Amino acid sequence: MIWKGLGLITNSESPIVVVLSGSMEPAFYRGDLLFLTNPASEQYRTGDITVYKIPGQDIPIVHRVLETHDLVQKKKDKRAGLPVEQLLLTKGDNNAVDDIDLYRGIKWLERKHIVGKVRGFLPYVGYVTIAMNDFPQLKYALLGGLGLLALIQRE
Amino acid sequence: MAPSRKFANSGRDPRTPSPSRLDGGSSATSSPERPVGPLSIPMPPEDREVIKVNNANLTELKHALDDALKRYLGRPDLFKQSYLHTDVRLALGWLSVFVAAGTALYGYKVEFEESKPLVWVGLLSYMALSVIQSLYAYFIEGNIVFVGRRKTFSKRIITERITISSTTTPVKKSKPPAYSLSLHYVRSTSGGKSLLAKGKTQSHKGYNAFFDGLGTLDQEKFEQWVGGLVEQAMQGKTS
């Protein structure tokens, strides 16, 4: 419930993510933990680091915004609190080319693809998640341990 | 005078409560229909299990004494335990678990932007339930460990209600940690309309009086102490 509450407050699907690749070095390394927010009134600018998800792809990607194009916002969308529609192009700091190949057919990222903007990070902490994904037994062991604790404790 | 009479009676026949108590004939200090107190119903030794706890853990000590108290007073012919507080807390707890599970499942199935309003509802209800549960436990349940009722049918239907709260006072300088009990007893008839007796007793004793060095509980000694307090409350004494 704390996770769900955090997601609602930050307006982001997944407010805490782990960096899986080295495409943002030397800013972020594999295993860093990133904290994201996605406020609707946010205007993304060149230089912001965003996490986005291409529809049909499971894994979110964290790269820097290279270009933005702001579209005119309809009055009814503004009243509804929807974000200003923007078209974004991103590139990883450590990559030679921009992300156009990663977009799988679409030309620009839209706001609905963005999970959030990076606000802060913690180095190395994400390795726990990477370990649990690579060795699922760790995940089950942790869950089993937590369950056992809940059963043994009184009140 | 009252304590010596009890010991003489229980020496006669340990299996049955002494009949004079039920008739109330020789009882000089209470009404003729006074119901049976816990000291007159002895516990057969076969029912006992050895209770051993970790001496150093105050919480375990308190829980061991609370459980022994519930077992002692919950015997047949004695009080019937009321599980209202436990039931309310369980209901609130289970409800919050279902709300949390439902919200999580819904958030997983439905896309983020669409799911937001209902997830808000789920989150706020979960928080409300947790807050209500904590407030209930703190204010309404408080230190209560046992709520019991008993109905005896002598000439009229006599209803008794007893509420027992227990607290622990931790160790202070050279005083050992102590277990303090406070009992509130009410005896009434005709559906609670006419009050027959009302008593409030309070007492405390160090844990070292009941637990030995290894952590074994001296159940008989504890039961004598509790039984004495209950009978004091039943006599309508306020102390």
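Described in the following lines is the structure provided in the data block.

**Details of the overall build of chain B**
So, point 1. When helices and strands are tallied, chain B shows six helices and five strands.
So, point 2. Each helix and strand of chain B, ordered N terminal to C terminal, gives the series α-α-α-β-α-α-β-β-β-β-α.
So, point 3. Relative to its full complement of 239 residues, chain B shows a buried share of 38%.
So, point 4. Carbon and sulfur atoms form 61% of the exposed surface of chain B, whose accessible area is close to 14,000 Å².

**Notes on the sheet that holds strand 5 (residues 194-206) of chain B**
All names here are of chain B.
So, point 1. Taken in spatial order, the five strands make up an open sheet running 1-2-3-4-5, and their pairing is antiparallel. With one partner strand each, in any of the chains shown, strand 1 (80-81) and strand 5 form the two edges of the open sheet.
So, point 2. For strand 4 (residues 178-189) and strand 5, the ladder comprises 12 bridges, and the chain directions are antiparallel. Residue pairing for strand 5: Val 186 is matched across the bridge by Lys 198.

**Comments concerning a nonpolar patch on the surface**
All names here are of chain B.
So, point 1. Judged by side-chain polarity, Val 131, Leu 135, Tyr 138, Phe 139 and Ile 140 come together as a nonpolar surface patch covering roughly 570 Å² of accessible area.
So, point 2. For Ile 140, the location among the structural elements is in helix 5 (residues 112-141).
So, point 3. We classify Ile 140 as partly exposed; its relative accessible area is 48%.

**Quick notes on helix 6 (residues 219-234) of chain B**
Residues and elements named next belong to chain B.
So, point 1. Over its 16 residues, helix 6 runs 22 Å from end to end, which matches the ideal 22 Å to within 8%, given 1.5 Å per residue.
So, point 2. Along helix 6, the residues that are buried comprise Gln 219, Phe 222, Glu 223, Trp 225, Val 226, Gly 227, Leu 229, Val 230, Glu 231, Ala 233 and Met 234.
So, point 3. Gly 236 sits one or two positions beyond helix 6 and adopts a positive phi of about 85 degrees.

**Things to note about the packing of aromatic side chains**
So, point 1. Going through the model one piece at a time under the given rule, you end up with 11 aromatic pairs over all chains.
So, point 2. With 5.4 Å between their ring centres and 65 degrees between their planes, Phe 28 of chain A and Phe 121 of chain A make a pair best called edge-to-face. With Phe 28 of chain A in the loop between strand 1 (16-18) and strand 2 (33-37) and Phe 121 of chain A in strand 7 (residues 114-122), this pair connects stretches of sequence that are 93 residues apart.
So, point 3. With a relative accessible area of 5%, Phe 28 of chain A lands in the buried category.
So, point 4. For Phe 121 of chain A, a relative accessible area of 38% puts it in the partly exposed group.
So, point 5. Members of the aromatic cluster, connected to one another through ring pairs, are Tyr 179, Tyr 207, Phe 210, Phe 211, Phe 222 and Trp 225 of chain B.

Rules used in this analysis
- Residues numbered from 1 in each chain as written.
- Chains lettered and ligands numbered in written order.
- Predicted model: local features only at pLDDT ≥ 70, side-chain atom pairs only at ≥ 80, totals over all residues.
- Heavy atoms only, no water.
- Helix = DSSP H or I, 4+ residues; strand = E, 2+ residues; numbered from the N terminus.
- Buried < 20%, exposed > 50% of the residue type's maximum accessible area, 1.4 Å probe, protein only.
- Areas by Shrake-Rupley, 256 points an atom, 1.4 Å probe, with all protein chains shown as cover.
- Pairing = 2+ DSSP bridges.
- Patch = residues over 30% accessible without salt bridge, like charges linked within 9 Å, V, L, I, M, F, W, Y side chains within 5 Å.
- Salt bridge = Lys/Arg side-chain N within 4 Å of Asp/Glu carboxyl O.
- Expected span 1.5 Å × (residues − 1).
- Phe/Tyr/Trp six-rings, centres within 6.5 Å; stacked < 30°, edge-to-face > 60°.

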